[in-house]
Amino acid sequence: TSDIEVIRWDEHLPQQALYFRNERQAVLYDAPDGRVIEFTLPEWDYQLIPDSIDGDWMRVHASTPHFCSGDPAERETTAWIRFLDERRRPTVWYYTRGC
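Because the structure is predicted, anything quoted here is derived from the model rather than measured.

**As for the pattern of salt bridges**
- Under the criterion given, the structure shown has five salt bridges.
- Where arginine 8 meets glutamate 11, a salt bridge forms, and the shortest distance between an N and an O atom there is 3.6 Å.
- The exposure class of arginine 8 is partly exposed, given its relative accessible area of 45%.
- The salt bridge involving aspartate 30 is made with arginine 35; its shortest N-O contact spans 3.1 Å.
- Its relative accessible area of 37% is what places aspartate 30 among the partly exposed residues.

Next comes the structure, spelled out in structure tokens:
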């Protein structure tokens, strides 16, 4: 028997609160390949809650501050992000052990 398990990013990531891997990828869109939405995400003080997937794109609920702060969300929006890059690697990450 094998102890290897294959987990697909497009199946696993939607179950997590997500964060962009780096600031240049932190862009929100009104639709897949659509227009950029003006919504600034403060470094490390936000969260992206996945809603649905369309190819390399994920619809998310973006809010700030981060839920671990205990403060209610001050700003919120729903938008699309490119969650897989051209090499099919995630542009996002998640806390594996919670807050």
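**Some words on the environment of proline 90**
- By the secondary structure assignment, proline 90 is in the loop between strand 6 (75-82) and strand 7 (92-93).
- For the pair proline 90 and glutamate 76, spaced 14 residues apart in the sequence, the C-alpha separation amounts to 23 Å.
- Filtering out sequence-adjacent residues up to four positions away, proline 90 remains in contact with Trp9, Leu13, Arg21, Phe83 and Leu84.

**Description of unusual backbone geometry**
- Across the junction of threonine 64 and proline 65, the peptide omega takes the value 5°, indicating a cis bond.
- Relative to the helices and strands, proline 65 is located in the loop between strand 5 (57-64) and strand 6.
- At tryptophan 44, a position not held by glycine, the phi torsion is positive, near 65°.
- Take tryptophan 44: it is sitting in the loop between strand 3 (36-37) and strand 4 (47-54).
- Assessed through its relative accessible area of 44%, tryptophan 44 is described here as partly exposed.
- Unlike most non-glycine residues, arginine 88 shows phi in positive territory, near 70°.
- Within the secondary structure layout, arginine 88 lies in the loop between strand 6 and strand 7.
- Assessed through its relative accessible area of 46%, arginine 88 is described here as partly exposed.

**Here we look at the packing of aromatic side chains**
- Across all of its chains, the model carries seven aromatic pairs by this definition.
- Plain terms: the ring middles of tyrosine 19 and tryptophan 93 are 5.2 Å apart, the flat faces sit at 40° to each other, and that makes the pair tilted. Placement of tyrosine 19 in strand 1 (residues 19-20) and of tryptophan 93 in strand 7 is noted, with a sequence separation of 74 residues between them.
- Among the residues examined, tryptophan 93 registers a relative accessible area of 23% and is labelled partly exposed.
- Aromatic rings pair up to connect Tyr19, Phe20, Trp44, Tyr46, Trp93 and Tyr95 into one cluster.
- The side chain of arginine 75 reaches across the aromatic face of phenylalanine 39, ending 4.5 Å from its centre.

**Concerning the environment of leucine 41**
- Position of leucine 41 relative to the elements: it lies in the loop between strand 3 and strand 4.
- Sequence-wise, leucine 41 and alanine 62 are 21 residues apart; in three dimensions their C-alpha atoms are separated by 8.4 Å.
- Those residues within four positions of leucine 41 in sequence are excluded, and the remaining contacts are Phe20, Ala26, Leu28, Tyr46, Leu48 and Ala62.

Calculation notes
- The numbering scheme is per chain: residues are counted from 1 as the chain's sequence reads.
- Where local features are concerned, this predicted model is filtered to residues with pLDDT of at least 70; where side-chain atom pairs are given and counted, the filter is 80 or more; whole-chain, interface and lining totals use all residues.
- The basis for the side-chain values is all heavy atoms of the structure; hydrogens and waters are excluded.
- Any carboxyl oxygen of Asp or Glu that lies within 4 Å of a side-chain nitrogen of Lys or Arg is treated as forming a salt bridge with it.
- Burial classes: relative accessible area under 20% of the type maximum marks a residue as buried, over 50% as exposed, and values in between as partly exposed (1.4 Å probe, protein chains only).
- Counting from the N terminus, the helices are the DSSP runs of H or I reaching at least four residues and the strands are the DSSP runs of E reaching at least two.
- We call two residues in contact when some of their heavy atoms are within 4.5 Å.
- Note on ring pairs: Phe, Tyr and Trp rings are taken, using the six-membered ring of Trp, and paired if centres are within 6.5 Å. Classes follow the plane angle, with under 30 degrees stacked, over 60 edge-to-face and the rest tilted.
- We call a charge positioned over a ring when the NZ of a Lys or the CZ of an Arg lies within 6 Å of the ring centre and within 35 degrees of the ring normal.

Don't take any of this as a statement about function, it's just geometry.
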